[in-house]
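An overview of the molecular structure
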Amino acid sequence: WLPRPQERRIAGAAAALDEIIYGILEERRREPAPRDDLLGLLLAARDEETGEGMGDRELRDQIATIFTAGHETTANALAWTWYLVSLHPAVEERLRAELEGVLSARPPRYDDVPQLGYTRMVIEEAMRLYPPAHTMSREALADDEIEGHAVPKGSSVVISPWLIHRHEKLWERPLVFDPERMAPERLARVPRYAYIPFGGGPRICIGAGFAMQEAILIVAAVAQRFRLELAPGHEVEPLGLITLRPKGGLPMRLSSRTPHSARWHTAPSL
């Protein structure tokens, strides 16, 4: 109940975000035809029972969720990916070889995503070891039972991808960074819910496909031109807040790769 400066800053930031979002909604509603994008789908959505669309407040909540939840999780996944690649030179070499084979010297495009299979596997394996959404919960809508344990209605059931992804009964050498385990034929032999970086079931992350596409393109664009190495002496410690991030940040040394050369030119640390 005591007013604090932090609350005023949060309220100001929320008001600025609302001004942007409501401005976008107002502009879209004036357009003669809906656009073929996520906001267009949200505007066109109708309740199965009432036939009504979403109001501005509900649309605002959906858009704000995409803005906020959609950037931090991907950023953390990329940070952990660069950390792990920096510790495994063989993975980095194979990643770079794939990029040279698929892209040559041009920037990656959306159409390249299906051909960047190893790039995808590197990111997926990084999310196995360091899932951005390390813990999630669900509320029991009715009395239930799981493996002999009673789950009363209204109970919170906590699911931890961090633990599931590292469980020795589900994964061979679970603490080893091995992108090859994410090859489709090997992943098909893993139980369905042993790998859930985006959750699972009807409430699986709506942005999973988009997140993977942007992560693949970002990794490809950066790895094509740069090498990232963990700053000497920095101790990396996972910090499980709302998302899983490196405690104290992840300082890296950035080296640029000159065209048509295997030499690297070291730049200042980030």
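Computed from a predicted model, the values in this text were never measured in an experiment. Sequence order as written defines residue numbering, which begins from 1 separately in each chain. Owing to the predicted nature of the model, reporting of local features is limited to residues with pLDDT of at least 70; listing and counting of side-chain atom pairs is limited to 80 or more, with chain, interface and lining totals taken over all residues. Hydrogens and water molecules were not included; the side-chain quantities draw on all heavy atoms of the structure.

1. A closer look at the overall build of the protein
Test applied: A helix here means a DSSP run of H or I that spans at least four residues, while a strand means a run of E at least two residues long, and both kinds are numbered starting from the N terminus. Each residue is assigned to one of three classes by its accessible area relative to the maximum for its type, calculated with a 1.4 Å probe on protein chains only: buried under 20%, partly exposed between the two thresholds, exposed over 50%. Should any heavy atoms of two residues lie within 4.5 Å, those residues are considered in contact.
Looking only at helices and strands, the protein features eight helices and nine strands. The principal-axis extent of the C-alpha atoms belonging to the protein is close to 60 × 55 × 45 Å. Among the 270 residues that make up the protein, the fraction classed as buried is 34%. Within the protein, counting contacts between residues at least 6 apart in sequence, those at least 24 apart form 61% of the total.

2. Digging into unusual backbone geometry
Look at Ser104: it is not a glycine, yet its phi comes out positive at around 60°. Here Ser104 shows up in the loop between helix H4 (89-103) and helix H5 (117-129).

3. Points about a nonpolar patch on the surface
The line we're drawing: Exposure above 30% relative accessible area and no salt bridge define the residues that can form patches, which grow by joining like charges within 9 Å and nonpolar side chains of Val, Leu, Ile, Met, Phe, Trp and Tyr within 5 Å. Note that accessible areas follow from Shrake-Rupley with a 1.4 Å probe, and for residues the cover is restricted to the protein chains shown. A pair is scored as a salt bridge if a Lys or Arg side-chain nitrogen falls within 4 Å of a carboxyl oxygen belonging to Asp or Glu.
A contiguous nonpolar surface patch, about 410 Å² in accessible area, is contributed by Leu38, Leu41, Ile66 and Ile206. Positionally, Leu38 belongs in helix H2 (residues 38-44). On the accessibility criterion, Leu38 (37% relative accessible area) is partly exposed.

4. Considerations on the layout of surface pockets
A water-sized probe, rolled over the atoms, reveals where empty space remains. Condition: Every definition here rests on a 1 Å grid over the protein atoms only: cavities are sets of points where a 1.4 Å probe fits but cannot get out, pockets are open sets enclosed by protein on both sides within 12 Å along at least five of seven lines, and lining residues have some atom within 4 Å of a point. Grid points are joined across faces, edges and corners, and a volume is the space filled by probe spheres set on the points.
If you add up the space inside the largest pocket, you get close to 1,300 Å³. Surrounding the largest pocket, 37 residues form its lining, Thr65, Ala69, Cys205, Ile206 and Gly207 being those nearest its centre. Listing elements by their share of the lining of the largest pocket, those giving two or more residues are H2, helix H3 (56-87), strand E1 (136-139) and helix H8 (208-225). Among the elements that make up the lining of the largest pocket, the one with the highest residue count is H3 (twelve residues).

5. Describing the packing of helix H1 (residues 5-30) against H3
How two helices sit against one another is set out by the angle between their axes and by the gap between those axes. Rules: Axis lines are fitted to C-alpha atoms, over the contacting stretch for helices. Their N-to-C directions set the angle, which ranges from 0 to 180 degrees. The scheme is simple: roughly parallel for angles under 35 degrees, roughly antiparallel for over 145, roughly perpendicular for 65 to 115, oblique for anything else. Crossings are sorted by hand: turned counterclockwise from the far helix by less than a right angle, the near helix makes the crossing left-handed, and turned clockwise it makes it right-handed. When residues are grouped by polarity, Ala, Val, Leu, Ile, Met, Phe, Trp, Tyr, Cys and Pro land in nonpolar, Asp, Glu, Lys and Arg in charged, and all others, Gly among them, in polar.
Axis separation between H1 and H3 bottoms out at 10 Å; the angle between their running directions is 120°. One way to sum up the angle between H1 and H3 is to call them oblique. Along this stretch, H1 crosses H3, giving a crossing that reads as right-handed. Contacts from Leu17, Asp18, Ile21, Tyr22, Leu25 and Arg29 in H1 reach Asp56, Arg57, Leu59, Arg60, Ile63, Ala64 and Phe67 in H3. When the residues that make up the contact of H1 with H3 are grouped by side-chain class, the tally is eight nonpolar, no polar and five charged.

6. Some remarks on the pattern of salt bridges
Between side chains of opposite charge, a pair can form as their charged atoms come close. This structure, assessed with the given rule, holds 18 salt bridges. Of the charged contacts, one joins Arg94 and Glu180 as a salt bridge, the two residues approaching to 1.9 Å between their closest N and O atoms. Of the two residues, Arg94 sits in helix H4 while Glu180 sits in the loop between helix H6 (161-164) and helix H7 (184-187), which places them 86 residues apart along the sequence. Of the residues examined, Arg94 reaches a relative accessible area of 40% and is grouped as partly exposed. By relative accessible area, which is 28% here, Glu180 ends up partly exposed.

7. What about H1?
Threshold: Working rule for helices: expected span equals 1.5 Å times residues minus one.
Between its first and last C-alpha atoms H1 spans 38 Å; for 26 residues at 1.5 Å apiece the expected length is 38 Å, and the two agree. Residues of H1 that are buried include every one of Asp18, Ile21, Leu25 and Arg28, and no others. Contact partners of the buried residues in H1: H2 and H3.

8. Comments concerning a negative patch on the surface
Applicable threshold: The convention is simple: Lys and Arg are positive, Asp and Glu are negative, and His and the chain ends are not counted. To locate a charge, take atom NZ for lysine, CZ for arginine, CG for aspartate or CD for glutamate.
A cluster of acidic side chains, namely Asp47, Glu48, Glu49, Glu52 and Glu58, defines a negative patch on the protein surface. Of note, Glu49 is situated in the loop between H2 and H3.

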